[in-house]
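Here is what each chain is made of, one letter per residue.
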Amino acid sequence: MISSARPQPQAHHRVAVTPPMGWNSWDCYGASVTELEVLGNAQYLAEHLKPFGWEYVVVDIQWYEPEANSSVYRPFVPLEMDAYSRLMPSTRRFPSAADGAGFKPLADELHRLGLKFGIHIMRGIPRQAVHANTPILGTNARARDIAHPNSICPWNTDMYGVDATKEGAQAYYDSLFPLFQLYASWGVDFVKVDDIAASRLYHFHPAEIELIRRAIDRCGREMVLSLSPGPAPVEHAQFLVDHANMWRLTDDYWDHWDMLYAMFERCDAWSAYVGSGHWPDCDMLPLGRIGLRSVDGGGRDRLTRFTPDEQRTMMTLWCLFRSPLMFGGELRDNDEATLALLTNMDVLAVHRHGERPRQLCREGDLVVWTSDMPDGQVNLGLFNLYDRAETIVFPLAELGLHGTLHASDLWVGQPMNVERDVLSVHLEPHASCLVQISGDP
């Protein structure tokens, strides 16, 4: 049984009062993104999307792997690491990191653009450090003393787990992670920790999550904590609220209709835990041009396989549910239609200000979601998940509004016809409509 109790506010929730919005390098570049590609996308974000609330630029996995060239990980390869068991940016891919500068020059440039900087890290300690038994800053323990060599990631060979019971484990996390000393000095604002919210071998890692939470709280720099991959366990929902700002509901999400279809059930299960500072995460938006050097998701360099209707359906669900919005495509290749999906102020207002998102009803594959606006208006998402055209007829009296009711289609910015307090919408296969309803005082 899932509790419907409202989660209590936590101190770290002030970091992400609204769902984070930004760009992540994985969907287009896999593990191989370069500094120039990050800066190019950041400049586009600052120019075209920042006025609409998009602000994070996140460098995904293996920025410390000099020869990474796709989303396929090279096993047991040398990684760039300092003398204290901490991975460092590859200077081959990130030249500004030379002479021990790390990510500070890149973060400084993003901050100059008015943006925020994030990085991906793997749970644990580098195997390379454990095999060399290198020191750990702030403790007499060495890498081998705190490693959990039986706790490994099944899809990446970079790390061993950290045994939270060992002396020195907290010192390692204090010195490793962004807001934890070194990364705090770089100016990191967002950290995505992988192989921790779920694992194909070890399920869930609460002890290491607690180490990370304490390290962030001690470091004195605010940052968003995002946990991956999914599906995160619903039975640990309150623990996730208490320790993180974002946690994934799914394994890597790609441009396949069956993945979008499945997200409706996942969002329904997690909607009670959506709130200021704690956001169940539907994963990145595989829109625009993706797969440049990322071969995951069953395709190479391509435009998204989602149809225009499916793209709007995804954005409508993500915005109503208030998932974080992380664009996965190469921003500089966006066409006008893709840019329009990301810059509709009325739709983004639902994402930023909607309250109590929830599935209102589902009959077969006709689904209605709703959320409440602070001014008393009600948002309705009408979804046709069938492979055939359907008409949804919805009685607006169920919303509890009074007086003459008015409806507006938020995607097209036009009023809709309401007859006898009934809204009737014809939808093509996999299509949706986002409507805002208001009543007379």
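Residues numbered from 1 in each chain as written. Predicted model: local features only at pLDDT ≥ 70, side-chain atom pairs only at ≥ 80, totals over all residues. Heavy atoms only, no water.

## Looking at the UniProt feature "domain: Alpha galactosidase C-terminal" (unreviewed entry) in the protein chain
Item 1. Under the local residue numbering, the UniProt record ascribes the feature "domain: Alpha galactosidase C-terminal" (unreviewed entry) to residues 363-435.
Item 2. Annotated as residues 363-435, this span is 0% helix and 53% strand, and its ends, taken at the C-alpha atoms, are 19 Å apart. (UniProt positions renumbered as here; feature names shortened; annotations may be inferred. Helix = DSSP H or I, 4+ residues; strand = E, 2+ residues; numbered from the N terminus.)

## Topic: helix α10 (residues 257-270)
Item 1. Between its first and last C-alpha, α10 extends 20 Å over 14 residues, near the 20 Å set by a 1.5 Å rise per residue.
Item 2. Those residues of α10 lying buried are W257, L260, M263, F264, C267 and W270. (Expected span 1.5 Å × (residues − 1). Buried < 20%, exposed > 50% of the residue type's maximum accessible area, 1.4 Å probe, protein only.)

## Structural notes on unusual backbone geometry
Item 1. Of note, the amide linkage connecting S228 to P229 takes the cis form, showing an omega dihedral of -15 degrees.
Item 2. Mapped onto the elements, P229 comes out in the loop between β8 (224-227) and α9 (237-243).
Item 3. The omega torsion of the bond from G230 to P231 falls at 0 degrees, within 30 degrees of zero and hence cis.
Item 4. Summarising the element assignment, P231 is placed in the loop between β8 and α9.
Item 5. The backbone of F76 sits at a positive phi, close to 55 degrees, despite the residue not being glycine.
Item 6. By the element assignment, F76 lies in the loop between β2 (56-59) and α3 (104-112).
Item 7. A positive phi angle, near 50 degrees, is found at R356, a position not held by glycine.

## Let's talk about the pairing of strand β21 (residues 432-439)
Item 1. Taking burial as the measure, the 8 residues of β21 include 7 buried ones, the bulk of the element.
Item 2. As paired elements, strand β16 (residues 378-384) and β21 share 6 bridges and run antiparallel to each other. Within β21, the position partnered with L382 by the bridge is C433.
Item 3. Pairing analysis gives 5 bridges linking strand β18 (residues 405-409) to β21, with the strands arranged antiparallel. If you follow D409 over to β21, its bridge partner there is V435. (Pairing = 2+ DSSP bridges.)

## Here we look at the packing of aromatic side chains
The way to describe two aromatic rings as a pair is by their centre distance and the angle between their planes.
Item 1. This structure, assessed with the given rule, holds 18 aromatic pairs.
Item 2. For the pair W63 and Y183, a centre-to-centre distance of 6.1 Å together with 70 degrees between the ring planes defines the contact as edge-to-face. Here W63 is found in the loop between β2 and α3, whereas its partner Y183 is found in helix α7 (residues 182-186), with 120 residues between them in sequence. You'll find W63 and Y183 in the same group, each marked buried.
Item 3. Ring geometry for F103 versus W186: centroids 5.7 Å apart, planes at 85 degrees, classification edge-to-face. Of this pair, F103 sits in the loop between β2 and α3 while W186 sits in helix α7, and the two are 83 residues apart along the sequence.
Item 4. Against the face of Y386 rests R388, its NZ or CZ located 4.0 Å from the ring centre. (Phe/Tyr/Trp six-rings, centres within 6.5 Å; stacked < 30°, edge-to-face > 60°. Lys NZ or Arg CZ within 6 Å of the ring centre and 35° of its normal.)

## Things to note about the packing of α10 against helix α11 (residues 308-321)
Item 1. Between α10 and α11, the least distance of the axes is 11 Å, while the angle of their chain directions is 15 degrees. It follows from the interaxial angle that α10 and α11 lie roughly parallel. Crossing angle aside, the handedness with which α10 passes α11 is left-handed. In contact with W257, L260, M263, F264, C267 and W270 of α10, α11 contributes E310, T313, M314, L317, W318 and F321. (Axes fitted to C-alpha atoms, helices over the stretch in contact; angles between N-to-C directions. Parallel < 35°, antiparallel > 145°, perpendicular 65-115°, else oblique. Left-handed = near helix turned anticlockwise from the far one by under 90°. Contact = heavy atoms within 4.5 Å.)

## Here we look at the sheet that holds β21
Item 1. Strand order in the open sheet made by the 6 strands is β14-β15-β16-β21-β18-β19, with antiparallel pairing throughout. Across the chains shown, the open sheet's two edge strands, defined by having one partner strand only, are β14 (355-363) and β19 (414-416). Strand-to-strand, the axes of this sheet are offset by a mean angle of 30 degrees, without reference to chain direction.
Item 2. Helix-sheet contacts for α11 involve β14, β15 (366-372), β16 and β21, and the interaxial angle to β16 is about 145 degrees.

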